Amino acid sequence: MMQRNGGGVGAGGQPWVLRRVRLTWLSFMLFFILVFFPLIAHYYLTTIDDAGGPDKRIFGPRPGGELCEAKHVQDLCRIRESVSEELLQLEAKRQELNGEIVRLNLRIEACKRSIDSAKQDLLQLKNVISQTEHSYKELMAQNQPKLSLPVRLLPDKDDPGLPPPKSAHVCRLRSCFDYARCPLTSGFPVYVYDTASYPWGESLDPLVRQAFATSVKSSIYVTDNPSIACLYVVLVGELQESPSSPLPAPSALEKQLKALPYWRSDGHNHLLVHLSRKSMTQNFLYNVSTGRAAVAQSTFLEQQYREGFDLVVSPLVHALSEPNFLEVPPQVPVKRKYLFTFQGERVESLRSSLQEGPPQSFEEEMEGDPPADYDDRIIGTLKAVQDSHLDQVLVEFTCKSPQPSLPTEWALCGEREERLEVLKASTFALVISPGDGQLIASAGNGMRLFEALEVGAIPVVLGDHVRLPYHQLVHWSEAAIMVPKPRITELHFLLRSLSDNDLLAMRRQGRFLWETYFSTSENVLGTILASVRTRIQVPPAPIHEEPAQEIPHKAGKMAGTDANLADNGDLDLGPVETEPPYASPRFLRNFTYTASDTYQNWNRAPGPFHLFPHTPLDPVLPSEAKFLGSGTGFRPIGSGTGGSGKEFQAALGGNVPREQFTVVMLTYEREEVLMNSLERLNGLPYLNKVVVVWNSPKPPSGDLLWPDIGLPIVVVRTEKNSLNNRFLPWDVVETEAILSIDDDAHLRHDEIMFGFRVWREARDRIVGFPGRFHAWDVNHQSWLYNSNYSCELSMVLTGAAFFHKYYAYLYSYVMPQAIRDMVDEYINCEDIAMNFLVSHITRKPPIKVTSRWTFRCPGCPQALSHDDSHFHERHKCINFFVKVYGYMPLLYTQFRVDSVLFKTRLPHDKTKCFKFI
């Protein structure tokens, strides 16, 4: 066993060593292969690519993307290239934005420094302005005296006044009128004696007395306080003789006049008014000493009449009745059936009522030789013209029933209705003055003149010695033809030589005089008072404005601006007013206008600058004074600040570079539409305020939030639902310019501003957007209203139009009431009525601006104009208005003003017909 083990170990030791050596060698070889072999292989491979050239590379990178030639890697290669380009672009953009951020930060810092500097400059400017204003006030206080109205000096009740004149027949205002009782600031107070307070009151004609009392109540000058009165009016006729109340004798009447409580011994500042209703009227003041009292009557003898002191008035034909315009014949056609007519009978043997005592001839009553009698020559000449049949004339020198008249006067024939029918067919109406030249005014001639003017027959007065009513104030040559009696043989030639235009102008002026001064008792009394007031140069009282009863309302959030209306591009429409509303200047020339233009004022037919400052209705309208005195007449628009485009856009320029307008918006229970329309006015330049005429009896909703447009919105309550409320002269309207606009009108701001600029150049006309015209229907012989597109127009709808506030006074207080009544009856036609009025006054057509023919907002509820009867009513309105005015005042025009400096949108098929500027 021992040998076996020992022999085993000894025998087995050498193989173990060998195995160990083999393992070491194997490990070394494995290490060598794993370390050095890859290095050798790498080196070998790289040397092969370098030795073989670029075209024989096997493992190195290949130029031109040869590696991508493999189909399975082409998409990946494209993605890699796209991502690489985007990364490069993003990197470049990032660097650019970083640079921009740096630059903007620098600009922000610079702006902050600039703002700080501007704040300092603004603070300094405010201090300078404040100091300048303070210095200006100090200089004004030092150099301008404090002015106040003159103190009214009223004489004592027992003050005898001035020394009496040498003779009552030489009375003039300077010698017989006490100016101290009538200061320029007095307002011309007039005290009227009560007819029941003096003895002859019961003998007055009841109709005259009642008409006079009614007229006194309507006069704005009448006062109940005699201590402050400027003028004292006494009604002395027309008297009616009756057994119970005989006419007072001249001596008795003189005593009764002196017994008046404010007669003051000589009757200074008294006016004795004698109104005649008949052609034969008593001149019982002929032998009465009236002292310093002026006389106003229809009949005067030459030695009785005191020129410039007494007053020739028209007869009172319509005592208590209003003239019916539908019965007044139209002013066209110009030529009528007869060239001229005359119906009358010469009075030679009627008893004279001119003085007390036995009948005497005028030759015995008056001093000097009697004037030459041309009546026989007149009769022969007129009969020869009638017998020649060259023209159709009607002359009759005998009457079946002559009216009572004064001696040597031509008596009226027949009844008034019969005479009017003849005059309606007459182009001219002859008015032959009395045969005795001492009778310078008579009620009979006044009656002929009144009837001729009433029906549109042009008066032809034969005799240049007569005094027509208010002859010192009315320029009768514009309405009548004055021919001396020696020219009777040339009368036919003279009348035939007048053109139709001249005849129409005279007929229109005569209609104006008749309507304004003669037609009603109120007009007659008002004209008498206005005559005295004008003579003593007292400025008239302004006509009253319509007081606005405001409806309280709550303003909501600040209104936004419609993008369609505010998108004006680079146009600067003008500044949005940040100052308080600027009212137009008023009452600048009231006195100077009254004093310097008296004669012209009384003789103007209706016109924008001369109408009704002289009428008895109320001589000066507030906006009329603005018309004349504010210097805002016709002028070049760019004359104020130069003509460059930037200044033109940013300012109005002109002679009055600062002016605003008022929006007057009529509405009726359409709250949502109204709110949208008000919001569209936000940001509108030169807007003064918005006046919303709430035409519904039901007030606005209590929870209604009105938009805040940064300007006053005045909601006015009306007494009744009337479209005439649109044109009431509201006292809250303080600007001359009014933009009348419907609550559903949709106009851009640039259109409104363009219309405002155009109106400033034509302030006496309506300037608006939608145009319409009138047309004559041959088949029905009537006028039609037409709203079709046309190259001509004669009206501009006032649903979107500018007009002067002056016309609001005329529409509401001067225009015939019959027109306003028809507007209320149809609830329609107020825009047509305004166009008629302005065209009648100016004799000019309206001005249409831009190419708009409609202005309704899209999606708004339908208005009254969508009713089927709307156009039929407007046809009737036009024909009725023509009857009231006596002719068609509307004028056609092809003129349209389109925008050059503002945006304009013209339809291609509507631009051929119009003239543009």
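Residues numbered from 1 in each chain as written. Predicted model: local features only at pLDDT ≥ 70, side-chain atom pairs only at ≥ 80, totals over all residues. Heavy atoms only, no water.

- As recorded in an unreviewed UniProt entry, the protein goes by Exostosin-like 3 and comes from Salvelinus namaycush.
- A UniProt comment under Catalytic activity (unreviewed entry) is attached to the protein, and it reads "3-O-(beta-D-GlcA-(1->3)-beta-D-Gal-(1->3)-beta-D-Gal-(1->4)-beta-D-Xyl)-L-seryl-[protein] + UDP-N-acetyl-alpha-D-glucosamine = 3-O-(alpha-D-GlcNAc-(1->4)-beta-D-GlcA-(1->3)-beta-D-Gal-(1->3)-beta-D-Gal-(1->4)-beta-D-Xyl)-L-seryl-[protein] + UDP + H(+)". (UniProt positions renumbered as here; feature names shortened; annotations may be inferred.)

Some details on the overall build of the protein
Here's step 1: Within the protein one finds 23 helices and 28 strands.
Here's step 2: Buried positions account for 50% of the 917 residues belonging to the protein.
Here's step 3: In the protein, once contacts between residues fewer than 6 apart in sequence are set aside, the share between residues at least 24 apart is 80%.
Here's step 4: Only carbon and sulfur atoms are counted for the fraction: they give 56% of the accessible area of the protein, which is about 45,400 Å². (Helix = DSSP H or I, 4+ residues; strand = E, 2+ residues; numbered from the N terminus. Buried < 20%, exposed > 50% of the residue type's maximum accessible area, 1.4 Å probe, protein only. Contact = heavy atoms within 4.5 Å. Areas by Shrake-Rupley, 256 points an atom, 1.4 Å probe, with all protein chains shown as cover.)

Details of the packing of aromatic side chains
Here's step 1: Inspection of the entire model under this criterion finds 31 aromatic pairs.
Here's step 2: Where Phe300 meets Tyr305, the ring centres are 5.1 Å apart and the plane angle is 65 degrees; that geometry is what we call edge-to-face.
Here's step 3: On the basis of an interplanar angle of 80 degrees and a centroid distance of 5.4 Å, the ring pair of Phe661 and Phe802 is categorised as edge-to-face. Here Phe661, found in strand β17 (residues 661-667), pairs with Phe802, found in strand β26 (residues 800-804); they are 141 residues apart in sequence, far enough to count as distant. Taken as a pair, Phe661 and Phe802 share a single burial class, namely buried.
Here's step 4: Counting every residue linked through ring pairs, the aromatic cluster contains Tyr470, Trp476, Phe512, Tyr517 and Phe518.
Here's step 5: The residue whose ring lies beneath Arg874 is Tyr785, and the NZ or CZ to ring-centre distance is 4.3 Å. (Phe/Tyr/Trp six-rings, centres within 6.5 Å; stacked < 30°, edge-to-face > 60°. Lys NZ or Arg CZ within 6 Å of the ring centre and 35° of its normal.)

Looking at unusual backbone geometry
Most peptide bonds take the trans configuration, and most residues that are not glycine carry a negative phi.
Here's step 1: Note that the residue after Gly237, namely Glu238, is joined by a cis bond; omega there is 20 degrees.
Here's step 2: Residue position: Glu238 is located in the loop between β2 (231-237) and α5 (250-258).
Here's step 3: For the bond from Val332 to Pro333, the omega torsion is 5 degrees, close enough to zero to count as cis.
Here's step 4: By the element assignment, Pro333 lies in the loop between β6 (311-312) and β7 (338-343).

Focus on the nonpolar core
Here's step 1: The biggest cluster of nonpolar side chains holds 81 residues, and the ones touching the most others in it are Phe188, Trp200, Leu231, Leu275, Trp476, Phe518 and Ile528.
Here's step 2: In terms of residues, this core owes the most to one element, β2, which gives six residues.
Here's step 3: Residue contacts for Trp476: discarding those within four places in its chain leaves Leu449, Leu453, Leu468, Pro469, His471, Leu513 and Phe518.
Here's step 4: Residues Trp730, Val732, Ile738 and Ala801 belong to the second largest nonpolar core, which totals 52 residues. (Core = buried A, V, L, I, M, F, W, Y, C linked by side-chain atoms within 4.5 Å.)

A look at the sheet that holds β6
Here's step 1: The strand order β1-β2-β3-β4-β6 describes an open sheet built from five strands, whose pairing is parallel. Looking at strand neighbours, the two that pair on one side only are β1 (190-192) and β6, the edges of this open sheet.
Here's step 2: Bridge count for β1 against β2 is three bridges, and the pairing is parallel. Opposite Val192, over in β2, you have Val233 as the bridge partner. (Pairing = 2+ DSSP bridges.)

Re the packing of helix α11 (residues 500-518) against helix α12 (residues 521-535)
Here's step 1: Between α11 and α12, the shortest axis-to-axis distance is 6 Å and the interhelical angle comes to 85 degrees. Judged by the angle between their axes, α11 and α12 are roughly perpendicular. Each of Glu515, Thr516, Tyr517 and Phe518 in α11 lies in contact with α12, whose residues at this interface are Asn523, Val524 and Thr527.
Here's step 2: Its residues assigned to classes, the contact of α11 with α12 shows three nonpolar, three polar and one charged. (Axes fitted to C-alpha atoms, helices over the stretch in contact; angles between N-to-C directions. Parallel < 35°, antiparallel > 145°, perpendicular 65-115°, else oblique. Nonpolar A, V, L, I, M, F, W, Y, C, P; charged D, E, K, R; others polar.)

What to know about the pattern of salt bridges
Here's step 1: Here the structure, examined in full by the defined rule, presents 33 salt bridges.
Here's step 2: Salt-bridge contacts for Glu451 lead to Arg416; the nearest nitrogen and oxygen are separated by 4.0 Å. Linking Glu451 in helix α9 (residues 443-455) with Arg416 in helix α8 (residues 416-424), this pair joins segments that are 35 residues apart in sequence.
Here's step 3: Accessibility expressed as a relative area gives 2% for Glu451, which makes it buried.
Here's step 4: Residue Arg416 is classed as buried on the basis of its relative accessible area, which comes to 19%.
Here's step 5: Residue Arg670 is joined to Asp743 by a salt bridge in which the shortest nitrogen-to-oxygen separation is 2.5 Å. One end of the pair, Arg670, is in the loop between β17 and α18 (671-680); the other, Asp743, is in the loop between β21 (737-742) and α19 (749-761), with 73 residues separating them in the sequence. Neither residue differs from the other here; Arg670 and Asp743 are each classed as buried.
Here's step 6: Connected through salt bridges with shared partners, the residues Arg346, Asp375, Asp376 and Lys485 form a single ionic network. (Salt bridge = Lys/Arg side-chain N within 4 Å of Asp/Glu carboxyl O.)

Concerning the side chain of Thr341
Here's step 1: Looking at where Thr341 falls in the secondary structure, it is placed in strand β7.
Here's step 2: Taking the relative accessible area as the measure of exposure, Thr341 reaches 3% and is therefore buried.
Here's step 3: There is a polar contact of 2.8 Å between the side chain of Thr341 and the side chain of Ser426.
Here's step 4: With near-sequence residues (within four places) excluded, Thr341 lies in contact with Leu394, Val422, Leu423, Ser426, Phe428, Ala429 and Leu430. (Polar contact = N/O pair within 3.5 Å; in protein donor to acceptor, adjacent residues only side chain to side chain.)

Concerning the packing of helix α20 (residues 806-814) against helix α22 (residues 830-842)
Here's step 1: For the pair α20 and α22, interaxial distance at closest approach is 11 Å and the crossing angle is 110 degrees. It follows that α20 is roughly perpendicular to α22 by the angle criterion. Taken together, the residues of α22 that come into contact with α20 (itself represented by Tyr807, Leu810 and Tyr811) are Glu830, Ala833, Met834, Leu837, Val838, Ile841 and Thr842.
Here's step 2: Here the residues of the contact of α20 with α22 are counted per class, giving eight nonpolar, one polar and one charged.

Side note on the confidence of the model for the protein
Here's step 1: Predicted confidence across the protein gives a mean pLDDT of 80, with 76% of residues reaching 70 or more.
Here's step 2: Contacts of residues 593-601 to residues separated by more than four positions or lying in other chains number 24 contacts, the stretch itself having pLDDT below 50. (pLDDT = per-residue confidence, 0-100.)

So, the pairing of strand β18 (residues 687-694)
On any regular strand, side chains alternate: one points to one face of the sheet, the next to the other face.
Here's step 1: Among the eight residues that make up β18, eight are buried, leaving the element largely enclosed by the rest of the structure.
Here's step 2: Here β17 pairs with β18 via seven bridges, running parallel. Paired with Thr667 across the bridge in β18 is Trp694.
Here's step 3: Between the parallel elements β17 and β18, the chain passes through α18 in a crossover that is right-handed.
Here's step 4: With five bridges joining them, β18 and strand β20 (residues 713-717) adopt parallel strand pairing. Bridging from a neighbouring strand, Val691 pairs with Val714 of β20. (Right-handed = clockwise from strand over helix to strand, strands pointing away.)

Remarks on a nonpolar patch on the surface
Here's step 1: Judged by side-chain polarity, Leu30, Phe31, Phe32, Ile33, Leu34, Val35, Phe36, Phe37, Leu39 and Ile40 come together as a nonpolar surface patch covering roughly 1,000 Å² of accessible area.
Here's step 2: What makes Leu34 exposed here is its relative accessible area of 59%. (Patch = residues over 30% accessible without salt bridge, like charges linked within 9 Å, V, L, I, M, F, W, Y side chains within 5 Å.)

Concerning the environment of Tyr221
Here's step 1: Here Tyr221 lies in the loop between α4 (206-218) and β2.
Here's step 2: Along the sequence, Tyr221 and Gly187 sit 34 residues apart, while their C-alpha atoms lie 7.4 Å from each other.
Here's step 3: In this structure the side chain of Tyr221 is engaged in a polar contact, spanning 3.3 Å, whose partner is the backbone nitrogen of Ala541.

Brief notes about helix α7 (residues 375-388)
Here's step 1: When the terminal C-alpha atoms of α7 are compared, their 20 Å separation across 14 residues agrees well with the 20 Å that a helix rising 1.5 Å per residue should span.
Here's step 2: When α7 is considered as a whole, its buried residues turn out to be Asp375, Ile378, Ile379, Thr381, Leu382 and Val385.
Here's step 3: Phi turns positive, to about 60 degrees, at His389, one or two residues after α7. (Expected span 1.5 Å × (residues − 1).)

Some details on the sheet that holds strand β23 (residues 771-777)
Here's step 1: Strand order in the open sheet made by the three strands is β24-β23-β25, with antiparallel pairing throughout. Two strands bound the open sheet, and with one partner strand each, they are β24 (782-786) and β25 (795-796).
Here's step 2: Sheet strands touched by helix α23 (residues 870-885): β23, β24 and β25. Its angle to β24, the strand with the most contacts, is close to 130 degrees.

Side note on the side chain of Asn835
Here's step 1: With respect to the helices and strands, the residue Asn835 is situated in helix α22.
Here's step 2: On the basis of relative accessibility, which here comes to 2%, the residue Asn835 falls in the buried class.
Here's step 3: In this structure Asn835 touches Ile766, Ser794, Met795, Val796, Thr798, Pro846 and Leu890, once residues within four positions along its chain are discounted.

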